[in-house]
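Secondary and tertiary structure notes
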Amino acid sequence: MPEFGSDSSFPTEEPVCIGIDLGTTHSLVSVFRDGKPELISNAHGEKLTPSIVGVLQDGQIVVGSAARELRVTAPERCAWVFKRYMGQERKLKLGDKEFTPHELSSLVLQSLRDDAAAQLNTEITDAVITVPAYFNDHQRTATRLAGEMAGLNVRRMINEPTAAALVYGFHAREDEKNLCVIDLGGGTFDVTVMEVFEGTLEIRATAGESMLGGEDFTDRMVSAVLSGEDTQLELAELQQPLRVSRLRGECEKAKRLLSKEESCKIRLPDKDGNFAEKPKTYRLTRADFSRMCDPLMQRIAGPIARALRDAELDPKEIDDVILVGGSTRMPVLRDFVIDYFGKPPIIDHDPDEVVALGAAVQAALIGQDAAVDDMVMTDVCPFTLGVEVVKEFGGHMQDGYFKPVLHRNCTIPVSREEVFSTVAANQTNVTLRVFQGDARKVADNTALGQLEVKGLPPGPAGSPIYVRFTYDLSGVLEVEAYAPGGERFRTVLTNHVHQLSPAQIEEAKRRIDALKFYPRDDLDNQKLARFAERMLGELHPSQRQQLDEALDIYEDAMARSDREHFASAKDTLLMVLSSLGLDHEDL
Ligand code: ADP
Ligand code: MG
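This is a predicted model, so every value here is computed, not measured. (Residues numbered from 1 in each chain as written. Chains lettered and ligands numbered in written order. Predicted model: local features only at pLDDT ≥ 70, side-chain atom pairs only at ≥ 80, totals over all residues. Heavy atoms only, no water.)

1. What about the sheet that holds strand β5 (residues 53-55)?
Overall, antiparallel pairing links the 3 strands, which are arranged β6-β5-β7 in an open sheet. Each edge of the open sheet carries a strand with a single partner, namely β6 (61-63) and β7 (78-79). Where β5 meets β7, 2 bridges bridge the pair, whose relative direction is antiparallel. For V53, the partnering residue across the bridge sits in β7 and is A79. (Pairing = 2+ DSSP bridges. Helix = DSSP H or I, 4+ residues; strand = E, 2+ residues; numbered from the N terminus.)

2. What about the nonpolar core?
If you look at the biggest cluster of nonpolar residues, it comprises 44 residues, and the most contacted ones within it are I182 and I300. For this core, the element with the most residues is helix α9 (residues 294-311), which contributes 7 residues. A domain split of this core shows at least three residues from each of domain 1 (16-212 + 297-380) and domain 2 (214-294). With residues up to four places along the chain from it excluded, the contact list for I300 reads L184, F189, L212, F217, L333 and F336. (Core = buried A, V, L, I, M, F, W, Y, C linked by side-chain atoms within 4.5 Å. Buried < 20%, exposed > 50% of the residue type's maximum accessible area, 1.4 Å probe, protein only. Domains from an automatic or database assignment. Contact = heavy atoms within 4.5 Å.)

3. Considerations on the packing of aromatic side chains
For the structure shown, the criterion picks out 7 aromatic pairs. For the pair F32 and F170, a centre-to-centre distance of 5.8 Å together with 85° between the ring planes defines the contact as edge-to-face. With F32 in strand β2 (residues 26-33) and F170 in helix α4 (residues 160-171), the pair connects residues that are 138 residues apart, well separated along the chain. Like F170, F32 is buried. Taking 5.3 Å as the distance between ring centres and 35° as the angle between the ring planes, the aromatic pair formed by Y554 and F566 counts as tilted. Separated by 12 residues along the polypeptide, Y554 in helix α14 (residues 541-560) and F566 in helix α15 (residues 563-579) bring together distant segments of the chain. (Phe/Tyr/Trp six-rings, centres within 6.5 Å; stacked < 30°, edge-to-face > 60°.)

4. Side note on the state of the cysteines
Linking two cysteines covalently via their sulfur atoms produces the bond known as a disulfide. Using the criterion set out here, one finds 0 disulfides in the structure. Here C251 stays free of any disulfide, with the sulfur of C264 as its closest cysteine sulfur at 8.5 Å. (Disulfide = S-S within 2.5 Å.)

5. Brief notes about empty space enclosed by the protein
Following the criterion strictly, the structure yields 7 cavities of 30 Å³ or more and no others. Roughly 70 Å³ of internal volume is contained in the largest cavity. A164, Y168, I322, L323, I346, I347, D348, H349 and V354 are the residues that line the largest cavity. Mapped onto the lining of the largest cavity, the elements with two or more residues apiece are α4 and β17 (320-324). Split into classes, the residues belonging to the lining of the largest cavity amount to 7 nonpolar, 1 polar and 1 charged. Taken as a whole, the second largest cavity encloses approximately 50 Å³ of empty space. Looking at the second largest cavity, the residues that line it are N42, A43, H44, T49, V63, G64, S65, S111, D115 and L523. Its residues assigned to classes, the lining of the second largest cavity shows 3 nonpolar, 6 polar and 1 charged. (1 Å grid on protein atoms, 1.4 Å probe; cavity = no way out; pocket = protein on both sides within 12 Å on 5 of 7 lines; lining within 4 Å. Points joined across faces, edges and corners; volume = space filled by probe spheres on them. Nonpolar A, V, L, I, M, F, W, Y, C, P; charged D, E, K, R; others polar.)

6. Description of a nonpolar patch on the surface
Together, V390, M397 and V423 line one region of the surface with nonpolar side chains, adding up to about 240 Å² of accessible area. Tracing the sequence through the fold places M397 in strand β20 (residues 396-406). With relative accessibility at 41%, the residue M397 sits in the partly exposed group. (Patch = residues over 30% accessible without salt bridge, like charges linked within 9 Å, V, L, I, M, F, W, Y side chains within 5 Å. Areas by Shrake-Rupley, 256 points an atom, 1.4 Å probe, with all protein chains shown as cover. Salt bridge = Lys/Arg side-chain N within 4 Å of Asp/Glu carboxyl O.)

7. Thoughts on the packing of helix α13 (residues 523-538) against α15
Taken N-terminus to C-terminus, the directions of α13 and α15 make an angle of 35°; their axes are 12 Å apart at the nearest point. As α13 runs across α15, the sense of the crossing is left-handed. The segment α13 lies against α15, with N525, L528, F531, A532 and M535 engaging F566, K570, L573, L574 and L577. A per-class count over the contact of α13 with α15 returns 8 nonpolar, 1 polar and 1 charged. (Axes fitted to C-alpha atoms, helices over the stretch in contact; angles between N-to-C directions. Left-handed = near helix turned anticlockwise from the far one by under 90°.)

8. A look at the sheet that holds strand β24 (residues 446-453)
Strand order across the open sheet formed by 4 strands is β20-β19-β23-β24, with antiparallel pairing between neighbours. Looking along the sheet, the strands with just one partner apiece sit at the ends: β20 and β24. Each strand axis lies, on average, 40° off the axis of its neighbour in the sheet, ignoring direction. Relative to β20, strand β19 (residues 385-393) runs antiparallel, the two sharing 8 bridges.

9. Examining the site of ligand 1
Around ligand 1 sit 18 residues in total, of which T25, G186, E252, K255 and S259 are the nearest. Between ligand 1 and E215 there is a distance of 3.1 Å, counted from an oxygen atom to a side-chain nitrogen or oxygen. In this structure, an oxygen atom belonging to ligand 1 sits 2.5 Å away from a side-chain N or O atom of E252. When ligand 1 is considered free in solution it has 580 Å² of accessible area, and contact with the protein chains removes 92% of it. Counting residues per element, the ones that place at least two in the shell around ligand 1 are α5 (214-226) and α7 (241-257). At 3 residues, the largest contribution of residues to the shell around ligand 1 is made by α7. Grouping the amino acids of the shell around ligand 1 by side-chain chemistry returns 1 nonpolar, 12 polar and 5 charged. (Near = heavy atom within 4 Å. Polar contact = N/O pair within 3.5 Å; in protein donor to acceptor, adjacent residues only side chain to side chain.)

10. Focus on the domain arrangement of the protein
According to the domain assignment, the protein contains domain 1 (16-212 + 297-380), domain 2 (214-294), domain 3 (383-503) and domain 4 (521-586). One C-alpha centre belongs to domain 3, the other to domain 4, and the line joining them spans 60 Å.

Put into structure tokens, the structure is as follows:
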């Protein structure tokens, strides 16, 4: 069963550093061993762990495909796509418990860490975690916090397209090329333009949107079906959560099918999320779906053009277009690439796996593994970062203007100082407001936080204040300000989640630690129960009873943890499922 033999072990003095792709829809964990990156399977033997957290009736936590099963029948006790809310002070309700997005992410990270520990047979303390390139400071800090809450020492956060490029660079070190990585996952979109030569990977520009992904494509389909002429649903019916949640599952399947087939049929569930014996269906062609997604494709074109402009390259100067993320399987995206770049994309590596593999390569670079000693990688800061300033127009002071300190796509790590000045004589305090964006006025940019500078020495208006921005390799910004001879003020930007004091972080950690995970060894059995429960809803009423009974017996045996009894109950349940033509394996 274990995929790793005991002959290949890690040096004991260095802690093992795993790589984690913490995705919106799926997460993966990897390790660099024996000169190459490899993926680690979860308790179900799968490489992709759905980024879904569920709370079972008894309060125990399940993560991954067991939670995905639970979501269909009990969406109110599950959370998903919470990566979208990372960095926000929002609470998500799961049954009677409440979690912040970073707490939910920490549960996913813990589950991946446990998978790695089980497979590698060692304690895991260190990790490289990937983040969308277009994640801002709040989202990155929330990710680091999630890592800490999961008991991980986050050695580095790297941008997802950069991780993908590392794998490409790892395998094709001698190439000399301009590459464009397009990463469209479940909830985020990034584009990165880079140059590789002699083992050096130089990121030239990154752009993207952190609120655009495959889920939006599914949403388009769901709304089209719900508002379709033949569907004829009343407004109240559109808001029935079980109906919508089950239909979403059907649309997700249809979307994937349309990546292979020209057309498909979508079954329409009733208000309780169940299907009639001959359910009504909605027919959708690939061409229709592509047309529906036109507005989304336009949002994708913008950042690609911008990244190329920043890198000073024409589409035709790109040698290879690399696709990353599950949503790049959609034909509408591949057609777009051919149209835009004049060549088909390269799909050498599995678009689902390449980011996680890259995280392991990064871990090897940090650990100075001999297998990567000829590789060098440079990354960029994808945003323009600066502060609010006051401008004088005809003797009149007007605040609200943005002054950049770091320009987008500068190579990182970077540290730059700018001199600003006081506006009034003997001004003692300044509130430095920090923003991200390219707009002239701060109101149109994203506020990142502020730094209070106090106790300025007395002096005339226009006395200097030095402001230094430092952007590290993980993409975390530190701001420092001082007046000559005055105290230095420094902050790692603290606006949202990370305003937590160390004591509050400890408190949150304790709360998370107190949660009980459903036993890892038994997760597969839990998944089977949730699968059977979901299938009950798919069956015709006349077929239900047999499955219902088998499931009751199975759950009873699970609860009583009576091994012998359990084994036979499980066999029976599997047999009933298979006699109904419901195969657990081809989920
Ligand atoms: P993330 O990194 O954000 O978790 P992934 O790279 O795992 O995202 O991609 C997940 C997204 O890819 C989902 O929105 C899913 O619907 C979509 N997806 C996966 N396979 C296919 C396919 N065959 N056709 C279309 N979309 C797909
Ligand atoms: Mg991803």
